[in-house]
Amino acid sequence: MEAVLTHLRGAIERGEYAIGDKLPSEAELCRTLEVSRPVLREALRALQTMGLTVAKTGKGTFVVAGSVEEPTFGDYSASDLLEVRRHVEIPVAGYAALRRTPENLSRLTHLLDRMERETDTTAWVAMDTVFHLTVAEAAQNPVFRRVIEEIRDALARQSAFLNELGGRREQSDREHRAIVEALAEGIEQDAIEAMTHHLDRVETTLTDIVRPARADTPTQGGADA
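Residues take numbers from 1 onward in each chain, read along the sequence in its written order. Per-residue local features are limited, in this predicted model, to residues with pLDDT of at least 70; the limit for side-chain atom pairs, both in listing and counting, is 80 or more; totals at the level of whole chains, interfaces and linings are taken over all residues. Side-chain numbers here rest on the full set of heavy atoms in the structure, without hydrogens or water.

### Comments concerning the confidence of the model for the protein
For every residue, the predictor assigns a confidence score, pLDDT, that lies between 0 and 100. A residue-level look at the protein finds 94% of positions with pLDDT of 70 or above and a mean pLDDT of 90. The low-confidence segment residues 213–225, where pLDDT is below 50, has 30 contacts with residues more than four positions distant or belonging to other chains. In this analysis, two residues are considered to be in contact whenever any of their non-hydrogen atoms come within 4.5 Å of each other.

### Looking at the pairing of strand β2 (residues 60–63)
Two strands make a pair as long as DSSP finds a minimum of two bridges between them. A run of H or I in DSSP becomes a helix once it reaches four residues, and a run of E becomes a strand once it reaches two; helices and strands are each numbered from the N terminus. One ladder, built from four bridges, connects strand β1 (residues 53–56) with β2; its direction is antiparallel. Note on β2: the bridge partner recorded for Thr53 is Val63. Linking β1 back to β2 in an antiparallel pair, the connection comprises three residues, with Gly58 at a positive phi of about 80°.

### Concerning the nonpolar core
Definition of nonpolar core: a set of buried residues of the types Ala, Val, Leu, Ile, Met, Phe, Trp, Tyr and Cys, connected through side-chain atoms within 4.5 Å. Relative accessibility under 20% of the residue-type maximum defines a buried residue, over 50% an exposed one, and the middle range a partly exposed one, all with a 1.4 Å probe and only protein chains included. Core analysis: the biggest nonpolar cluster contains 63 residues, and Leu47, Met50, Phe131, Phe161 and Leu183 have the highest contact counts within it. Not counting the four nearest positions on each side in its chain, Leu47 is found in contact with Leu5, Leu8, Arg9, Ile12, Leu23, Leu52 and Thr53.

### Re the environment of Met1
Take Met1: it is sitting in the segment before α1 (2–13). Sequence separation of Met1 and Glu164 is 163 residues, and the distance between their C-alpha atoms is 8.1 Å. Ignoring any residue separated from it by four or fewer positions in sequence, one finds Met1 in contact with Val39, Glu42, Ala43, Glu164 and Leu165.

Structure (structure tokens):
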């Protein structure tokens with residue numbers, strides 16, 4: 001999928017497909033690129049998330065931008081989502097370290113164990129959003145959980161995007177483990193730092209994915225993020 005995405009993204013950035021142009025049909029692209037339809041559709045979804053294309057039902061996929069500006073996840077831009085996450089999830093982690101119950105810790109540990117064993121990306125992404133909801137629950141303030149619930153769909157879209165294009169999954173598992181360990185120790189500052197590091201890595205990977213379009217480099221960024 002990454003190779004297909006790199007090819008199509010490069011073609012758009014080089015102007016081979018100009019703004020307003022319709023991409024070839026899925027069948028034609030599958031034949032030309034010698035890939036399966038599911039792989040192609042993943043790449044096409046990524047192009048839409050990057051803001052390069054838009055799919056029109058019954059008409060096809062059209063180019064709407066010549067370079068990547070900022071990905072969007074559902075109703076929210078990446079920068080808006082990250083800004084809110086920093087202002088909510090970082091202090092939430094601190095409160096959770098002070099207020100978490102044994103039941104909260106047990107659920108988080110069990111969930112993280114499942115995430116580290118999971119091989120299906122879709123299932124992992126679903127558990128990723130549950131993880132952040134569960135940390136919010138551990139803060140013992142229902143308003144925090146409601147805020148995370150409100151952006152749950154965007155978090156899932158962002159998680160899938162970062163895993164597909166930035167190879168984030170194993171690193172996320174390690175960062176989540178550090179958060180849970182800080183909560184288990186009950187050390188507020190450690191929990192704050194662990195969540196801060198996690199969100200810093202999210203931002204870095206997002207930047208690495210977008211940067212090649214701005215730097216006019218032919219290779220795709222984010223693989224080592």
